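Residues per chain are reported as follows:
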Amino acid sequence: MNRPTMFVVTALAATFFCPPGSKALAQQASPSSVTLLCKTSLGGSGFAFVTLSNLTTATIPKGQTLFAMKGNETIKFETAEAIPENGSVTYHASAAAFQEAGDCTGWY
C-alpha cells in the first residue's frame with residue numbers, strides 16, 4: 001500500500017480501537033485550559049457526585065466539555081446548560097477513583 005492509504009488505515013484503526021472518552025486517550029489540562037473547583041462526595045452504592053464550580057468571571061457555554069481528574073482517572077461531562085459566574089454543576093460518576101469524598105482537578 002502507498003503512504004496515504006496506510007495513514008488512512010492507521011487513523012481508522014485508532015478511531016475504532018480507542019473511541020473518544022476512553023482511558024487510553026484521557027485528556028490532560030493544557031496551559032490554555034480554565035481551572036474549575038472540583039469536589040467529590042459519596043452518592044450511594046457504586047457512584048459518587050462530582051461538583052464542578054465556575055470561579056471565573058465568564059459564563060461557561062452550554063455544550064462545553066468539562067473534565068475532572070482524580071488519581072489517574074479522567075472523566076468528561078458535557079454541560080446541559082450554561083454555567084454562570086460562581087455557578088456550579090453536579091454530575092454522577094461511577095469511576096473507581098471518584099468513589100471517595102475529597103478534592104479533584106477540574107478544567108475545560
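Residues numbered from 1 in each chain as written. Predicted model: local features only at pLDDT ≥ 70, side-chain atom pairs only at ≥ 80, totals over all residues. Heavy atoms only, no water.

### Quick word on the packing of aromatic side chains
Inference 1: Under the criterion given, the structure shown has three aromatic pairs.
Inference 2: Ring geometry for F67 against W107: centres 5.5 Å apart, planes inclined by 15°, an arrangement best described as stacked. With a gap of 40 residues between them, F67 in strand β3 (residues 65-70) and W107 in strand β6 (residues 102-107) connect regions that are remote in the sequence.
Inference 3: Taking relative accessible area as the criterion, F67 reaches 9% and is therefore assigned buried.
Inference 4: Judged by relative accessible area, which is 3%, W107 ranks as buried.
Inference 5: Ring geometry for F77 against Y91: centres 4.3 Å apart, planes inclined by 10°, an arrangement best described as stacked. Here the residue F77 occupies a position in strand β4 (residues 73-78), and Y91 occupies one in strand β5 (residues 88-93), the gap between them amounting to 14 residues. Grouping residues by exposure puts F77 and Y91 together as buried. (Phe/Tyr/Trp six-rings, centres within 6.5 Å; stacked < 30°, edge-to-face > 60°. Helix = DSSP H or I, 4+ residues; strand = E, 2+ residues; numbered from the N terminus. Buried < 20%, exposed > 50% of the residue type's maximum accessible area, 1.4 Å probe, protein only.)

### Examining the pairing of β6
Inference 1: The pairing of strand β1 (residues 35-44) with β6 spans six bridges and is classified as antiparallel. Bridge pairing in β6 places T35 opposite W107. (Pairing = 2+ DSSP bridges.)

### Describing the confidence of the model for the protein chain
Inference 1: For the protein chain, the average pLDDT comes to 79, and 70% of its residues sit at 70 or higher.
Inference 2: Long-range and interchain partners of residues 2-25, a stretch whose pLDDT sits below 50, account for seven contacts in this model, where long-range means more than four residues apart. (pLDDT = per-residue confidence, 0-100. Contact = heavy atoms within 4.5 Å.)

### A closer look at unusual backbone geometry
Inference 1: You will see that N86, though not glycine, has its phi angle at about 65°, which is positive.
Inference 2: Following the sequence through the fold, N86 ends up in the loop between β4 and β5.
Inference 3: The exposure class of N86 is exposed, given its relative accessible area of 58%.

### Describing the environment of C104
Inference 1: Tracing the backbone through its elements, the reader meets C104 in strand β6.
Inference 2: In this structure the C-alpha to C-alpha distance between C104 and T74, which are 30 residues apart in sequence, comes to 9.9 Å.
Inference 3: Non-local contacts of C104, meaning those with residues more than four positions away in its chain, are made with C38, K39, T40, V50, M69, K70 and F98.

### Considerations on the pairing of β1
Inference 1: Direction of pairing for β1 relative to strand β2 (residues 47-53): antiparallel, over a ladder of seven bridges. Paired with T40 across the two strands is V50, which belongs to β2.
Inference 2: Hairpin connection from β1 to β2: two residues lie between these consecutive antiparallel strands, with G46 at a positive phi of about 85°.

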